[in-house]
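Take a look at the letters that make up each chain.
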Amino acid sequence: MPKPTVLMMGAYPDWDLEPLEQDYDLRKLWLAADKEAFLAETAPQVRAIATRGEIGASGALIGRCPKLEIVSCYGVGVDAIDLETARARGVRVTNTPDVLTEDVADFAFALTLAHLRKIVAGEAHVRSGAWRTGNLPLGASLRGKRLGILGFGRIGRAIARRAEGFGVTIAYSDVAPAAGVAYAFHRSAVELAAASDILIASVAGGEATRGLVNAAVFEALGPSGLFVNVARGSVVDEAALIDALASKRLGGAALDVFLNEPNIDSRLLAFDQVLVQPHQSSGTVETRKAMGKLVRDNLEAHFAGRPLLTPVV
Ligand code: 8YV
């Protein structure tokens, strides 16, 4: 039996590439100088696509692969995969839920604390020698603040578990109140923001949440409010965010995700009150190994005719 052809959309760590190379005829799109020519030759043979959360698989790409059976996503967010087209074509889709939850929730707090406690500025203060001539301006406490969690799925709940230990008041918003959860529920992002000092976005990306965090949300969060994003850039109206920061109607932002990664809007970099990170909430060796294994296990299950481990479609 020839090895199934797998189209890889973006880089995976070597510890995933080696076992993938063993089992599949891997075609590495991201390394192709002429992607169009590469796809013209490869697409007709592709039986699986291995992609990343932020890259996904468009309907046009799925349409170009007549033998496609499965899209396996390295990431929990499948908003960049055209699920409708996949469904209509009978193409299966898998993702990597659960294994990244705790690290992403940790990173939400790493961002929050780094922003409030001026950790990046503090580092620069020491390294530049400025400490010898004066102290860093004081930070702000996390304890006692009102935390709003926008999106109360696996990651939102993991954020809430950590928040318990930090002594903050917890509220959340989602499409409906979660059963058995005592935290205050707010029907809209604006209502949640109005009841929060810190708003963490942990909501799934996609059309349903596009631009959910908009000018009204920033207005409600207010001039001392902090917006933290570990979800997707698409959930934010970035123009409104820049506007709210520039006019000081929003206190600050700590962002791991952006609209146009990695070519982010450079205006965001002009603000001292903005902390930026390169989409690395799930970026630990442990979690990325578990994510890669799940991608491979789903592919293996599919080609062995076994049930998928984490099916989306
Ligand atoms: C990853 C993510 O950074 O899980 C997701 O949806 O965005 C992240 O965990 C990404 O998918 C890795 O490429």
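Residues numbered from 1 in each chain as written. Predicted model: local features only at pLDDT ≥ 70, side-chain atom pairs only at ≥ 80, totals over all residues. Heavy atoms only, no water.

1. Describing the domain arrangement of the protein
Under the domain assignment, the protein is made up of domain 1 (5-99 + 286-303) and domain 2 (101-276). Using only C-alpha atoms to locate each centre, domain 1 and domain 2 end up separated by 31 Å. With 9 residues of domain 1 in contact, the opposing surface of domain 2 contributes 8 residues. For the pair domain 1 and domain 2, the summed buried area comes to about 620 Å², and 40% of that belongs to carbon and sulfur atoms. In this assembly, domain 1 and domain 2 are joined by 2 salt bridges. Here domain 1 and domain 2 share 4 residue pairs in polar contact (both at pLDDT 80 or more) between them. Each residue belonging to the side of domain 1 that touches domain 2 can be placed in one class, and the counts come to 3 nonpolar, 3 polar and 3 charged. (Domains from an automatic or database assignment. Contact = heavy atoms within 4.5 Å. Buried area = accessible area lost by both parts, 1.4 Å probe. Salt bridge = Lys/Arg side-chain N within 4 Å of Asp/Glu carboxyl O. Polar contact = N/O pair within 3.5 Å; in protein donor to acceptor, adjacent residues only side chain to side chain. Nonpolar A, V, L, I, M, F, W, Y, C, P; charged D, E, K, R; others polar.)

2. Describing the nonpolar core
If you look at the biggest cluster of nonpolar residues, it comprises 44 residues, and the most contacted ones within it are L147, I149, I159, I198 and I200. When residues in this core are grouped by element, the largest group, 8 residues, is from helix α5 (residues 101-116). A domain split of this core shows at least three residues from each of domain 1 (5-99 + 286-303) and domain 2 (101-276). If near-sequence neighbours (up to four positions away) are discounted, I200 is found in contact with A108, T112, L147, G148, I149, L150, I159, V228 and V230. Grouped together as the second largest cluster of nonpolar side chains are 28 residues, V203, A231, A240 and L250 included. (Core = buried A, V, L, I, M, F, W, Y, C linked by side-chain atoms within 4.5 Å. Buried < 20%, exposed > 50% of the residue type's maximum accessible area, 1.4 Å probe, protein only. Helix = DSSP H or I, 4+ residues; strand = E, 2+ residues; numbered from the N terminus.)

3. Focus on the site of the ligand
Near the ligand lie 13 residues; those nearest to it are E54, V76, R232, H279 and S282. For the ligand, an oxygen atom lies 2.7 Å from a polar atom in the side chain of H279. A distance of 3.1 Å separates an oxygen atom of the ligand from a polar atom in the side chain of R288. Here the shell around the ligand is composed, by residue class, of 4 nonpolar, 5 polar and 4 charged. (Near = heavy atom within 4 Å.)

4. Here we look at the sheet that holds strand β10 (residues 226-229)
On the basis of which strands lie adjacent, the open sheet formed by 7 strands has the order β8-β7-β6-β9-β10-β11-β12 and parallel pairing. In the strand order of this sheet, the two ends are held by β8 (184-186) and β12 (274-276), each with one partner. Across the sheet, the mean angle separating the axes of adjacent strands is 20° when strand polarity is ignored. Inspection of the sheet shows strand β6 (residues 146-150) paired to strand β9 (residues 198-201) by 4 bridges, in the parallel sense. In the sheet register, G148 faces β9, and the bridge partner there is L199. Sheet strands touched by α5: β6, β9, β10, β11 (252-255) and β12. Its angle to β10, the strand with the most contacts, is close to 150°. (Pairing = 2+ DSSP bridges. Axes fitted to C-alpha atoms, helices over the stretch in contact; angles between N-to-C directions.)

5. Focus: the side chain of S281
With respect to the helices and strands, the residue S281 is situated in the loop between β12 and α11 (285-303). We classify S281 as buried; its relative accessible area is 6%. In terms of polar contacts, S281 uses its side chain to reach the side chain of D256, at 2.7 Å. S281 has contacts with D103, V104, F107, V230 and D256, leaving out every residue within four places of it along the chain.

6. Some details on the sheet that holds strand β3 (residues 46-52)
Whenever strands of a sheet pair, they do so through backbone hydrogen bonds, lying parallel or antiparallel. Pairing in this open sheet of 5 strands is parallel, and the strands run β2-β1-β3-β4-β5 from one edge to the other. Two strands lie at the open edges of the sheet, namely β2 (25-28) and β5 (92-94), each paired on one side alone. Neighbour to neighbour, the strand axes of the sheet diverge by 20° on average, direction disregarded. The pairing of strand β1 (residues 5-8) with β3 spans 4 bridges and is classified as parallel.

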